Amino acid sequence: MILVTALAPAIWGTTYLVTTELLPPGRPLLAAVVRALPAGLLLVVLTRRPPKGVWWWRALVLGALNIGVFFALLFIGAYRLPGGVAATIGAVQPLLVAGLSAGLLGERFSARTAIAAVAGVAGVSLLVLRADARLDAIGVAAAAGGAVVMATGVVLSKRWTSPAPLLATTGWQLVAGGLLLLPVALLVEGPPPATLTSANLTGYAYLAIIGSAIAYALWFRGIRALSPTHVTFLGLLSPLVATALGWLALGQSLSVAQIVGGLVVVAALITAQTQRRPAKQTRPLADRLIPADQH
């Protein structure tokens, strides 16, 4: 299950290569909408299972956290910060998920998890951060906000497990996130380009089908079956895959620091995935404050 779930962030690691080589420049929000909305609509049509009851608002909340708001903050951070800074800030997500899981799900926050999370941040910084990177307050706030939003979405996705099929719930979230992003994309970037090349269409199709419909289904499947903390550590694979593809496909050079950073990331992943899970967890604080049927 862990290896299958790991395919999702590995696929997301290909986004940089696809975006730079196949998509029209300067349209990141359009790419975000295309990643989410068509893929979500496809899954909704295929499954024919609309949300019921509380799942109308839960799908909207999860879609906003995991897709819509996250992509918007990611866009702001990417534009106002060097990519290495944004990726390094985003790497704190496992630490955030571990803390939220302790409060909302009753999972134990171990020293081993904390050490692995800090090592993951250090490894990603060595992998992608540059010495001349400049900070921007709004960009840093957006990148940090994106990490918090995504971490919250991961934990709530575990807490609110839908009785509907996995592909249906994945479709609901992608549609909700895409609909939230659509007006933002139109306001910021204007209408889509009048003409698209075959390379553009191929890139958008890849992002929608592989990068979203398949990758998010694998991701949410992993969240259903595994600890959110274990799942979110797998997200460290994205900058690792992106760096490796830059070296293999684009001829980018790798420094000694980047190689060391990659090894540290791998070590953090292995450390996080191999720790023992407690046999039984106590009821989380949130469950003691709010009856289960009201979540």
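Residues numbered from 1 in each chain as written. Predicted model: local features only at pLDDT ≥ 70, side-chain atom pairs only at ≥ 80, totals over all residues. Heavy atoms only, no water.

### Focus on helix H3 (residues 28-47)
Every α-helix carries 3.6 residues per turn, so stepping three or four residues along brings you back to the same face. Taking 1.5 Å as the rise per residue, H3 with 20 residues should run 28 Å; its terminal C-alpha atoms sit 29 Å apart, in good agreement. For H3, the set of buried residues is Leu29, Leu30, Ala31, Ala32, Val33, Val34, Arg35, Ala36, Leu37, Ala39, Gly40 and Leu43. A positive phi of about 50 degrees marks Arg48, the residue just after H3. (Helix = DSSP H or I, 4+ residues; strand = E, 2+ residues; numbered from the N terminus. Expected span 1.5 Å × (residues − 1). Buried < 20%, exposed > 50% of the residue type's maximum accessible area, 1.4 Å probe, protein only.)

### A look at the nonpolar core
Grouped together as the largest cluster of nonpolar side chains are 46 residues, with contacts concentrated most on Phe71, Leu174, Tyr216 and Trp219. Broken down by secondary-structure element, the contributors of at least two residues to this core are helix H1 (2-12), H3, helix H4 (55-80), helix H8 (137-159), helix H9 (166-189) and helix H10 (198-225). Considering each element in turn, this core owes the most residues, 9 residues, to H4. Leaving out residues up to four positions away in the same chain, Trp219 has contacts with Thr5, Ala8, Pro9, Trp12, Met150, Val154, Val231, Thr232 and Gly235. Of all hydrophobic cores here, the second largest spans 15 residues; its members include Leu127, Leu237, Val265 and Ala272. (Core = buried A, V, L, I, M, F, W, Y, C linked by side-chain atoms within 4.5 Å. Contact = heavy atoms within 4.5 Å.)

### A word on the pattern of salt bridges
This structure, assessed with the given rule, holds 1 salt bridge. Across the pair Arg27 and Glu189 runs a salt bridge, and its minimum N-O distance is 3.4 Å. One end of the pair, Arg27, is in the loop between helix H2 (15-22) and H3; the other, Glu189, is in helix H9, and 162 residues separate them in sequence. Take Arg27 and Glu189: they sit in the same class, and that class is buried. (Salt bridge = Lys/Arg side-chain N within 4 Å of Asp/Glu carboxyl O.)

Nothing here speaks to function; it is all geometry.
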